[in-house]
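Okay, here's what each chain looks like letter by letter:
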Amino acid sequence: MKKIIYIHNNYEPEQFPVSPDSEDRFYTYGFGSNFARNFKKYSDGFDVEMWRLDSFTDKYYEKTVQNVKFRIFPGFRIPKVGDFSLKFITELKKEVKKSHPLFFVSHTHYWLMYQIAFFFKSSPIVTSHHGDFSPYFRYKNRTGLRKIKDFIDICIEKLVMKNIDHFLVCDYNQIPYIQKVADKSKIDISSTGLNITNFPVVNKTDARDMLGWDHNKKYILYVGKLYNYKQPVEMVHIWQEVKKAIPETELIIIGNSLQDEFYEYVLNSGAIIIGRVLNKDLNIYYSASDVYLLVALRNDYFGGPGIAPLESLACNTPVVSYSMRNYIGNNISEIGEVPDTIEKYIEDAITVLKNPGKYSNMRNSIEMYYSYDKIAEKSRSIFDNLLKEYNIN
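All of these numbers come straight from a predicted model, not from anything done at the bench.

## Considering the overall build of the protein
In step 1: Counting its regular elements, the protein contains 16 helices and 16 strands.
In step 2: Relative to its length of 393 residues, the protein is compact, with a C-alpha radius of gyration of 22 Å against a globular reference of 21 Å.
In step 3: With respect to the principal axes defined by its C-alpha atoms, the protein has extents near 65 × 50 × 40 Å.
In step 4: Burial status across the protein gives 55% buried among its 393 residues.
In step 5: Taking as baseline every contact in the protein between residues at least 6 positions apart, the subset at least 24 positions apart corresponds to 66%.
In step 6: As presented, the protein carries roughly 17700 Å² of accessible surface, and 50% of it is formed by carbon and sulfur atoms.
In step 7: Taking the average location of the 50 positive side-chain charges in the protein and that of its 47 negative ones, the two points are 6 Å from each other.

## Concerning the sheet that holds strand β10 (residues 187-189)
In step 1: With mixed pairing, eight strands are arranged side by side in an open sheet as β3-β4-β2-β1-β7-β8-β9-β10. Two strands in the sheet have a free side with no partner beyond their single neighbour: β3 (61-65) and β10. Going across the sheet, the axis of each strand differs from the next one's by a mean of 20°, ignoring polarity.
In step 2: Both strand β8 (residues 125-129) and strand β9 (residues 166-169) contribute to a ladder of four bridges, which runs parallel. Paired with H129 across the bridge in β9 is V169.

## Things to note about the pattern of salt bridges
In step 1: A full pass over the atoms with the stated rule returns 26 salt bridges.
In step 2: The closest approach of N and O atoms between E62 and R71, which form a salt bridge, is 3.9 Å.
In step 3: Put simply, E241 and K244 hold a salt bridge, and the shortest N to O gap is 2.9 Å. Taken together, the residues span about one helical turn, with E241 and K244 both in helix α9 (residues 232-245) at a distance of three residues.
In step 4: When salt bridges with common partners are traced through the structure, they connect E62, K69, R71, K87, E91 and K94 into a single cluster.

## Description of the nonpolar core
In step 1: The biggest cluster of nonpolar side chains holds 60 residues, and the ones touching the most others in it are I253, Y286 and Y292.
In step 2: In this structure, L53, I89, V96 and F120 belong to the second largest nonpolar core, which totals 35 residues.

## Some details on the environment of D281
In step 1: In this structure, D281 sits in the loop between β13 (272-275) and α11 (282-288).
In step 2: Taking the C-alpha atoms as reference points, D281 and I78, 203 residues apart in sequence, are found 40 Å from one another.
In step 3: Engagement of the side chain of D281 in a polar contact is seen with the side chain of K280, the distance being 3.3 Å.

## Concerning unusual backbone geometry
In step 1: For D24, which is not glycine, the phi torsion reads 65° and is therefore positive.
In step 2: Mapped onto the elements, D24 comes out in the loop between β1 (2-9) and α1 (25-28).
In step 3: Relative accessible area serves as the criterion here: at 14%, D24 is assigned to the buried category.
In step 4: Although it is not a glycine, Q231 sits at a positive phi angle of roughly 55°.
In step 5: Inspection of the secondary structure puts Q231 in the loop between β11 (218-223) and α9.

## Focus: the environment of P135
In step 1: Tracing the sequence through the fold places P135 in helix α5 (residues 135-141).
In step 2: Between the C-alpha atom of P135 and that of F151, which follows or precedes it by 16 residues, the distance is 7.2 Å.
In step 3: The contact partners of P135, leaving out residues within four places of it in the chain, are H109, Y114, D150, D153, I154 and E157.

How each quantity is defined
Residues numbered from 1 in each chain as written. Predicted model: local features only at pLDDT ≥ 70, side-chain atom pairs only at ≥ 80, totals over all residues. Heavy atoms only, no water. Helix = DSSP H or I, 4+ residues; strand = E, 2+ residues; numbered from the N terminus. Rg over C-alpha atoms; globule rule 2.2 N^0.38 Å. Buried < 20%, exposed > 50% of the residue type's maximum accessible area, 1.4 Å probe, protein only. Contact = heavy atoms within 4.5 Å. Areas by Shrake-Rupley, 256 points an atom, 1.4 Å probe, with all protein chains shown as cover. Lys, Arg positive; Asp, Glu negative; His and termini not counted. Charge placed at Lys NZ, Arg CZ, Asp CG, Glu CD. Pairing = 2+ DSSP bridges. Axes fitted to C-alpha atoms, helices over the stretch in contact; angles between N-to-C directions. Salt bridge = Lys/Arg side-chain N within 4 Å of Asp/Glu carboxyl O. Core = buried A, V, L, I, M, F, W, Y, C linked by side-chain atoms within 4.5 Å. Polar contact = N/O pair within 3.5 Å; in protein donor to acceptor, adjacent residues only side chain to side chain.

Structural data, given as structure tokens:
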């Protein structure tokens, strides 16, 4: 049976459990796990494993969850560099001799990916990008001693990136940086996808009744943290300008915490801050809102369309965001607006609020292009072609 090994590291130690837990989050948290489990669910004829290099756990762990074998290896971390483990590399080499797997590395510009590309250049390798910065971008935009590390990473990428067979990239702005070390034919715009069933549509009237929202008001929604990268100052400015044209407009913020850098600023603006809500209730907020707003105008934004905008669309609420330039469908005008300046954000938000009937096929579009089964289908096609190219049956 053809084998796919998904590989990632503990990139968020504050979120990963450090030992097995009753809900199996120790095994299933992170991009690599999501990719592996969803691919296995929708793909017959593949043996799927997920290997994690984790410098924050104390020993080796192994468990099968949702038909995916999880193998967790302890390692050591060099701060600002990466994670390493001789045992991890040695076991992968044994696996190559035994089963000739295809490797899927869940992050591109990490030293773990560099190691896989260096030690396993004779194996098929796919990597995915989720917003991490290319060393070329970092070198151009940073100063001081950090540029030394960026220069070293550039040299390494020139050496090893040629061994990567395919790049799944979430943001068009990332492609020029990948092209510095790889041919464009190896690059596809893609996404982690969305579990559509987790976001059932609720009738707007019913959703507002459930939340106690005013039926005569307009609601702009933002889901996420309030730190500088998310441009909360610009978001508040856009809302305040929209409010001049449509006075009954409110800005709703959920998913933040009291410790967020711009919490007080946004609170003092008059926006309605709700904070954390249960994932199972997110669809109610999306369904009750008139428009989802994500400001994504920074030159260091490489985050693709974003998960929250896709969730909003799955609930039939249109999106206003420059991030939607990365939408992989061909009907963007049906589902939202793609402003490239603050002025356009204001104009487009007003357009959506005044013309809700202009937007349609939002949920159908997400199901067509971003549902987990569609993402698995795309991955399967790439994997099959590479395995055939490497004469692996």
